[in-house]
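Fold and contact review
What follows is each chain in one-letter form.
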Amino acid sequence: MHWPKLHRAAYLVVHDAAAAEDIAQESFVAAVRRLDTFDRERPFGPWLHRIAVNRAIDSLRVRRLRAEAELEDAVAPLRLPDVSDDALAALADLAPEHRAVIVLRHLLGYTPGEIAELLDLPRGTVNSRLRRGLDTLRERLPS
Amino acid sequence: MRRELERIEVPGEEAAEGRAWEVVSRAFAEHRPGPAPRRSRLRPVVVALAAALVALALVAVSLAGSRIVHSVREAVGLKTAAPALTRLPTGGRLLVTSAAGTWIVQPDGSKRLLGSYRQAAWSPHGLFVAVARGHELAAVDPHGTVRWSLARSGGIRVPRWAPDGYRIAYLDGSSLRIVAGDGTGDRSFAANVARVAPAWRPSTAHEHVLAFASASRELELYAVDGSTLLARRHLPAAPVQLLWSSDGKRLVALSAHAISMFDRDGRPSGSIHIGRRAATAAFEPHSHRLAVILGGGRSDVVVFDVDRNGRPPREIFGGTGSFSGLAWSPDARWVLIAWPTANQWLFVPTAGGRRIAAVSGISAQFVSGPIFPALDDWCCTS
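Overview of the structure. In this text, all values refer to a predicted model and were calculated from it rather than measured experimentally. (Residues numbered from 1 in each chain as written. Chains lettered and ligands numbered in written order. Predicted model: local features only at pLDDT ≥ 70, side-chain atom pairs only at ≥ 80, totals over all residues. Heavy atoms only, no water.)

If you tally the helices and strands in chain B, you get 5 helices and 28 strands. Burial status across chain B gives 52% buried among its 382 residues. Total accessible area on chain B stands at roughly 17500 Å², and carbon and sulfur atoms take up 53% of it. (Helix = DSSP H or I, 4+ residues; strand = E, 2+ residues; numbered from the N terminus. Buried < 20%, exposed > 50% of the residue type's maximum accessible area, 1.4 Å probe, protein only. Areas by Shrake-Rupley, 256 points an atom, 1.4 Å probe, with all protein chains shown as cover.)

Moving on to the overall build of chain A. Regarding its fold elements, chain A presents 7 helices and 0 strands. Counting all 143 residues of chain A, 52% fall into the buried class. Of the contacts made within chain A by residues no fewer than 6 positions apart, 63% connect residues no fewer than 24 positions apart. Of the accessible surface of chain A, which amounts to about 6900 Å², a share of 49% is contributed by carbon and sulfur atoms. (Contact = heavy atoms within 4.5 Å.)

Residues and elements named next belong to chain B. Overall, the coordinates contain 1 disulfide over all chains when judged by the stated rule. Between the sulfur atoms of Cys379 and its disulfide mate Cys380 the distance is 1.6 Å. The buried category is assigned to Cys379, whose relative accessible area is 6%. (Disulfide = S-S within 2.5 Å.)

Further remarks concern the pairing of strand S24 (residues 325-328) of chain B. Residues and elements named next belong to chain B. Residue alternation in S24 divides its side chains into two sets, Gly325 and Ala327 and Leu326 and Trp328, and both sets are buried. Here 4 bridges tie S24 to strand S25 (residues 334-339), and the two strands are oriented antiparallel to one another. Its bridge partner lying in S25, Leu326 is registered against Ile337. The hairpin turn running from S24 into S25, its antiparallel successor, is 5 residues long, and Ala332 in that turn takes a positive phi close to 65°. (Pairing = 2+ DSSP bridges.)

The next thing to look at is the environment of Arg333 of chain B. All names here are of chain B. If you trace the backbone, Arg333 turns up in the loop between S24 and S25. Judged by its relative accessible area of 40%, Arg333 falls in the partly exposed class. Not counting residues within four places of it along the chain, the set of residues in contact with Arg333 comprises Thr90, Val348, Pro349, Thr350 and Arg354.

Next up on the list: the pairing of strand S5 (residues 129-133) of chain B. All names here are of chain B. Counting buried residues in S5 gives 5 out of 5 residues, a clear majority hidden from the surface. Going residue by residue along S5, you find Val129, Val131 and Arg133 tucked away on one face and Ala130 and Ala132 tucked away on the opposite face as well. Two elements, strand S4 (residues 119-122) and S5, share 4 bridges in a ladder whose sense is antiparallel. Within S5, the residue paired with Trp122 across the bridge is Val129. If you look at the hairpin formed by S4 and S5, you'll find 6 residues sitting between the two strands, and Gly126 has a positive phi there, around 75°. For S5 and strand S6 (residues 136-140), the ladder comprises 5 bridges, and the chain directions are antiparallel. Opposite Ala132, over in S6, you have Leu137 as the bridge partner. The antiparallel pairing of S5 with S6 creates a hairpin that spans 2 residues between the two strands, and Gly134 there sits at a positive phi of about 60°.

This part covers the pattern of salt bridges. Residue and element names in this part refer to chain B. Per the counting criterion, the structure on display carries 17 salt bridges over all chains. When the shortest N-O distance is used, the salt bridge between Asp186 and Arg152 registers 2.3 Å. With Asp186 in the loop between strand S10 (175-180) and strand S11 (187-190) and Arg152 in the loop between strand S7 (146-151) and strand S8 (156-161), the pair connects residues that are 34 residues apart, well separated along the chain. A salt bridge links Arg264 to Glu207; the shortest N-O distance between them is 3.7 Å. In this pair, Arg264 sits in the loop between strand S18 (258-263) and strand S19 (268-273) while Glu207 sits in the loop between strand S12 (199-200) and strand S13 (209-213), placing the two residues 57 residues apart along the sequence. Since its relative accessible area comes to 22%, Glu207 is described here as partly exposed. One continuous salt-bridge network, built from bridges that share partners, spans Arg201, Glu207, Asp263, Arg264, Asp265 and Arg267. (Salt bridge = Lys/Arg side-chain N within 4 Å of Asp/Glu carboxyl O.)

All names here are of chain B. This structure, assessed with the given rule, holds 11 aromatic pairs over all chains. For the pair Trp103 and Phe366, a centre-to-centre distance of 5.5 Å together with 90° between the ring planes defines the contact as edge-to-face. With Trp103 in strand S2 (residues 101-105) and Phe366 in the loop between helix H5 (362-365) and strand S28 (374-379), the pair connects residues that are 263 residues apart, well separated along the chain. Grouping aromatic residues by their ring pairs yields a cluster made of Trp103, Trp345, Phe347, Phe366 and Trp378. One residue, Lys111, lies across the ring of Phe366, its end atom 5.4 Å from the ring centre. (Phe/Tyr/Trp six-rings, centres within 6.5 Å; stacked < 30°, edge-to-face > 60°. Lys NZ or Arg CZ within 6 Å of the ring centre and 35° of its normal.)

Attention shifts here to the side chain of Gln344 of chain B. Residue and element names in this part refer to chain B. Along the polypeptide, Gln344 turns up in strand S26 (residues 344-349). Given a relative accessible area of 6%, Gln344 falls into the buried group. Beyond its immediate sequence surroundings of up to four residues, Gln344 is in contact with Gly77, Leu78, Ala81, Ile337, Ala338, Trp339, Ala358, Val359, Ser360, Ile362 and Phe372.

Turning our eyes to something else, we now look at the sheet that holds strand S21 (residues 289-294) of chain B. Residue and element names in this part refer to chain B. A sheet is described by the order of its strands in space; here 4 strands give the open sequence S20-S21-S22-S23, paired in antiparallel fashion. For this open sheet the edge positions go to strand S20 (278-283) and strand S23 (314-320), each flanked by a neighbour on one side alone. Adjacent strand axes in the sheet meet at a mean angle of 15° when their direction is disregarded. Taken together, the 6 bridges between strand S22 (residues 298-305) and S23 define a ladder with antiparallel strand orientation. Looking across to S23, one finds that Val303 is bridged to Arg314. (Axes fitted to C-alpha atoms, helices over the stretch in contact; angles between N-to-C directions.)

One finds Leu12, Val14, Leu91, Ile102 and Leu104 of chain A to be the most contacted residues of the largest nonpolar core, which totals 38 residues. Of all the elements in the fold, those that place two or more residues in this core are helix H1 (3-14), helix H2 (17-33), helix H3 (44-69), helix H4 (86-92), helix H5 (96-106), helix H6 (112-119) and helix H7 (123-140) of chain A. Ranked by the residues each element gives to this core, the list is headed by H1 of chain A, at 6 residues. Grouped together as the second largest cluster of nonpolar side chains are 21 residues, Val96, Ala100, Trp103 and Leu375 of chain B included. (Core = buried A, V, L, I, M, F, W, Y, C linked by side-chain atoms within 4.5 Å.)

What follows is about the environment of Ser246 of chain B. Residue and element names in this part refer to chain B. By the secondary structure assignment, Ser246 is in the loop between strand S16 (239-244) and strand S17 (250-255). Once the C-alpha coordinates of Ser246 and Ser287 are considered, the two residues, 41 residues apart in sequence, prove to be 7.2 Å apart. Excluding residues that lie within four positions of it along the chain, Ser246 makes contacts with Pro202, Pro285, His286 and Ser287.

Below you can see the structure in the form of structure tokens.
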């Protein structure tokens, strides 16, 4: 019941099917391994989503750092998949941190306050990223 | 906005869920819960998952079953085995593939899961890994980031990097294909090849000489860039493995009961008959000594000197059950033996003065379930 949304959320943040599958899978495995520390008075979903979204953001940061650090390389730089979907294309233009809050708010249904807690961010930062992300998406998506 | 996000197609969604279930259920079965906190109340999803998997565990391991496993362990495996892999005995990184996928093991014993791949091979200096799963071939960095990928209609198997990193050879069904190291220029090279990994001749020059076996038991040696045939030799038996020595001067075709030897240009230089069934082999780095796993009831790792045909091999380790793989450390001071019967890895020193280091519980550490992890390679000191 958690997999489809978690996998979709990871994909929308990283825009890489292989990476999204790994992130979602590793998040579940990490959750299993941390079951002993899980506070069972709290809902399971947000705990799992926090693991996955943070991993997705970390994955993108590492990818960016790697691309910048490569000087001599026999392998081509990372190519994003051809994007034909308008919404996916619009999301691709956002910074990863903006994508993450958009996905948490509008796909997974968290309130800005809950997002702030999940990502350990000030609430104002979350509101700001949501506003800017939505403005960008509205410009790009056909009405 | 929610509708837009839910409408986006996620590639391979259903297949990904199937793969994830296998991995996660095994991880849960291996999980050993600590004491439950007070006033705890399991949420329904955790209760349902726990109940289903605990039931499976109880069916699989009865009290009688536990006694049988214990007595087998008395005769199989080293009792002094460490319960977990905390470090490698020397430098380099391991590439391991389990049911969960492909892992990199660092010298300090830490592991990273690259992804749910089925086969993998290091690039020449360990900067990248060529991985395969199903119809997909990809190049990933050691953090698992996909640098490029391609898909083919047949099943993609046994990718192998050329010594300079600028070519990758792989099997697509019964075809041999070559692609550039950056994922471009993918082309078919040969049809009707045997299901044996191709082997690039080691070289410091930018030459791309590839050995492979045809389905009709021919060993073929090609300079692939010009498609120039260098040698074609009929093999006495179907090969299970092709290997080059690290200096590129010796080529071996290993079959179930023989080692057929060739020089760098594919000219035959002798053969060694093996009375027992040979499973897999690996050349010692910077030498012409070949370690071979011999099976049949018990398993032994023996070392042949392919330059001294007729000299009996030297045994380095033997045990009950089966050994499934071996790898030399990059400095040739250790041989790692995979022992699925004992669920152990053994690091066997090749010189005197050191003790065998054993590690138990390998399957659980790689979330592998009943399928023992495969040793892909031990690479590079940097």
